[in-house]
Every structure is written in structure tokens, then in C-alpha cells.
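Residue-level structure breakdown
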Amino acid sequence: MKKTTENKSNPRLTALIVTLKNASRAHEANIWREIAKRLDAPRKNYAEVNLSKINRYANEDETILVPGKVLGSGALSLPVKIAALDFSEAAVSKITGANGTCMTIEDLVRDNPKGSRVRILR
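Okay, so let's go over this structure. Small disclaimer: the values here were computed from a predicted structure and weren't measured.

Conventions adopted
- Residues numbered from 1 in each chain as written.
- Predicted model: local features only at pLDDT ≥ 70, side-chain atom pairs only at ≥ 80, totals over all residues.
- Heavy atoms only, no water.
- Buried < 20%, exposed > 50% of the residue type's maximum accessible area, 1.4 Å probe, protein only.
- Helix = DSSP H or I, 4+ residues; strand = E, 2+ residues; numbered from the N terminus.
- Pairing = 2+ DSSP bridges.
- Right-handed = clockwise from strand over helix to strand, strands pointing away.
- Axes fitted to C-alpha atoms, helices over the stretch in contact; angles between N-to-C directions.
- Parallel < 35°, antiparallel > 145°, perpendicular 65-115°, else oblique.
- Left-handed = near helix turned anticlockwise from the far one by under 90°.
- Contact = heavy atoms within 4.5 Å.
- Nonpolar A, V, L, I, M, F, W, Y, C, P; charged D, E, K, R; others polar.

**As for the pairing of strand β1 (residues 47-50)**
Residue alternation in β1 divides its side chains into a buried set, Ala 47 and Val 49, and an unburied set, Glu 48 and Asn 50. Pairing of β1 with strand β2 (residues 63-71) involves four bridges; the strand directions are parallel. Note that in β2 the partner of Asn 50 across the bridge is Leu 71. Running through helix α3 (residues 51-57), the crossover from β1 to the neighbouring parallel element β2 is right-handed.

This is the structure in C-alpha cells:
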């Protein structure tokens with residue numbers, strides 16, 4: 001049986017999955033293994049999270065990880081750091097308007113290799 005990583009055509013995504021698995025082993029952080037597992041699944045199973053959900057579940061100055069896409073529906077009133085595979089244009093403008101930060105999952109792994117104090121939303 002082939003791994004689904006071999007079926008992925010996006011080179012950024014396959015490199016990210018390998019990076020997450022390596023970071024999980026190197027830093028003994030199971031969070032990266034879990035995110036790699038979610039990204040290794042079919043694309044239709046990726047998370048699509050609206051800003052209203054992030055606003056409802058996040059605390060101020062918290063780091064949120066979305067293993068999928070962040071959509072711009074709703075309002076964001078908290079300055080939070082959000083790491084995701086992709087962002088819609090509306091989401092980026094609303095996050096920066098609320099003094100938040102948009103980052104890629106690669107940036108989060110580099111900045112926080114242990115994966116501590118990160119909340120995963122799906």
C-alpha cells in the first residue's frame with residue numbers, strides 16, 4: 001500500500017509533512033506528528049476554519065494552528081498568532097487589522113520546535 005504522501009502533487013506540502021515528522025522525532029513533540037498525519041490525509045478532510053470560530057475559542061496573544069485553510073467569515077477582535085496551510089485574502093486583512101499575525105506552519109515549527117502552548121482548531 002502506498003503512502004498518501006507519494007500521491008501528493010504539491011511539493012510544498014510533501015516537504016512540510018517530512019519537516020513535521022522530523023521535528024516530531026528531533027524534539028519529541030507529538031503535536032507535529034499529529035499535524036503531519038492530518039495533512040497526509042486526503043485534501044477534502046483538511047480543516048476550514050472561519051475567523052468567528054477562532055475568535056470564539058482563542059485567548060489573547062495565543063498561538064492557533066489550523067491544519068488547513070483559514071477563511072474570512074466573521075470578525076476577529078483578539079490579537080492572536082495564526083499558523084495555517086493557507087489563508088483567504090479576507091482572513092489575512094481581518095487578522096492584521098486586529099493586530100494579529102499570519103504565519104505558515106513551517107514558520108511555526110521553526111519558531112516553536114517543541115510545539116508548546118499551541119492550540120489546534122479544526
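After that view, the rundown keeps rolling.
**Overview of the packing of helix α1 (residues 11-27) against helix α2 (residues 30-39)**
In contact at an axis separation of 7 Å, α1 and α2 are set at 155 degrees when each is read in the N-to-C sense. Considered as vectors, α1 and α2 are oriented roughly antiparallel to each other. The handedness of the crossing between α1 and α2 is left-handed. Of the residues in α2, those in contact with Leu 13, Leu 16, Ile 17, Leu 20, Lys 21, Ala 23, Ser 24 and Arg 25 of α1 are Asn 30, Trp 32, Arg 33, Ile 35, Ala 36 and Leu 39. Here the contact of α1 with α2 is built from residues that sort into nine nonpolar, two polar and three charged.

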